[in-house]
Amino acid sequence: GGMKMKRTKRIQKLVMLIPLLLIVCFVIFPYIWTFLTSIKPTDELYTTNIKILPRETTFQNYVTLFTSTDFLASMFHSIVIAVITSCISMLVSSMASYAFARYRFRGKNLALSGILLLYMFPSVLYLTPLFVVFNKLKLIGSPVALVVSYCTFTIPFSIWLLTSYMKSIPLELEEAGKIDGANVPQLLYYVVMPLLKPGLIATGTYVFINSWNEYLFAVMFTTSNNRTLPVSLASLVGEYDLRWDIISAGAVAAMIPVVILFMFIQKNLVAGLTAGSVKG
């Protein structure tokens, strides 16, 4: 009987694993294909007989990418803009979400709904008014323009996400702090922020990736001197007559910072997202 039970459990596990493996393969395949394309010599890509595995591998595409294009400079611009946007979004939304989660005031629910509604508007709608304002302030081509425009849609979502997370932090901890004589800034810094850390990491990661991948504002508000990564990659299409080898090398290199980020914050990210959604 015991052997039979074990075998049944094994079969059940296998039946569960097969669809899971298929989904993983489906998700990972484009990334593997992109990487294999990036290490193929150019002449292997422009034949009718395309093989999945390269006949010979070369890293010349990466050398060309880093030496003959503005890829490294645009990667630096992207990192700076994504980091600054994440820091501003987290600072503003953590304070706003504390007010929404802890204080009672007239129109609170309406304000929260309005904030979420702002996020749900397509970002194209912000493009013209922002362009007019930045043009008047002579900010077109400045990283400030991108940071401000990204904050217009990252802050509303961050407030909404962090408010639901803040509600899951027990009020008793703050009350204990108040009895010990802590004022609001001290409560925020010593009691709330350490407990909010997983939520902040989840929010910061979302903001970082959003800023990292954003193309529409980036193409409108940057000049050739300070392009971000998506704009730089898109420009390869024109300059090189669709050089898939260089583009795929760029796509692989662009993934690396995000992969490193996920490796560092994986546990906190899962904890932050689940707590924020379950208790919201």
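The structure we're discussing is the one just above.
Quick notes on the rules
- Residues numbered from 1 in each chain as written.
- Predicted model: local features only at pLDDT ≥ 70, side-chain atom pairs only at ≥ 80, totals over all residues.
- Heavy atoms only, no water.
- Salt bridge = Lys/Arg side-chain N within 4 Å of Asp/Glu carboxyl O.
- Helix = DSSP H or I, 4+ residues; strand = E, 2+ residues; numbered from the N terminus.
- Buried < 20%, exposed > 50% of the residue type's maximum accessible area, 1.4 Å probe, protein only.
- Phe/Tyr/Trp six-rings, centres within 6.5 Å; stacked < 30°, edge-to-face > 60°.
- Lys NZ or Arg CZ within 6 Å of the ring centre and 35° of its normal.
- Core = buried A, V, L, I, M, F, W, Y, C linked by side-chain atoms within 4.5 Å.
- Expected span 1.5 Å × (residues − 1).
- Bend = angle between axes of the 7 residues up to and from the residue.

### Observations regarding the pattern of salt bridges
Per the counting criterion, the structure on display carries 1 salt bridge. Between R227 and D70 there is a salt bridge, with its nearest N and O atoms 2.9 Å apart. Placement of the pair is R227 in the loop between α10 (216-221) and α11 (229-239) and D70 in the loop between α3 (60-68) and α4 (71-102), with a sequence separation of 157 residues. Judged by its relative accessible area of 17%, R227 falls in the buried class.

### Considerations on the packing of aromatic side chains
Under the counting rule described, the total for this entry stands at 13 aromatic pairs. Ring centres of F157 and Y206 lie 4.4 Å apart, and the angle between their planes is 45°; on these two criteria the pair is classed as tilted. With a gap of 49 residues between them, F157 in helix α7 (residues 143-166) and Y206 in helix α9 (residues 184-213) connect regions that are remote in the sequence. Linked through ring pairs, F131, F134, Y150, F153, F217 and F221 together constitute an aromatic cluster. Its guanidinium or amino end placed over the ring of W33, K40 lies 5.3 Å from that ring's centre, counting from NZ or CZ.

### Points about the nonpolar core
Where a protein is soluble and globular, its nonpolar side chains tend to be buried together. Counting residues in hydrophobic clusters, the biggest one holds 22 residues, and the most contacted among them are L130, F134, L146, Y150, I159, F217 and F221. Taken together, the elements giving at least two residues each to this core come down to α4, α5 (108-120), α6 (124-136), α7 and α10. A total of 8 residues in this core trace back to one element, the largest contributor, which is α7. Residues I39, F208, I247 and V252 belong to the second largest nonpolar core, which totals 19 residues.

### Quick word on α9
When the terminal C-alpha atoms of α9 are compared, their 36 Å separation across 30 residues is substantially less than the 44 Å that a helix rising 1.5 Å per residue should span. Along its length, α9 reaches its greatest deviation from straightness, about 55°, at K197, and the proline P198 lies no more than four positions downstream.

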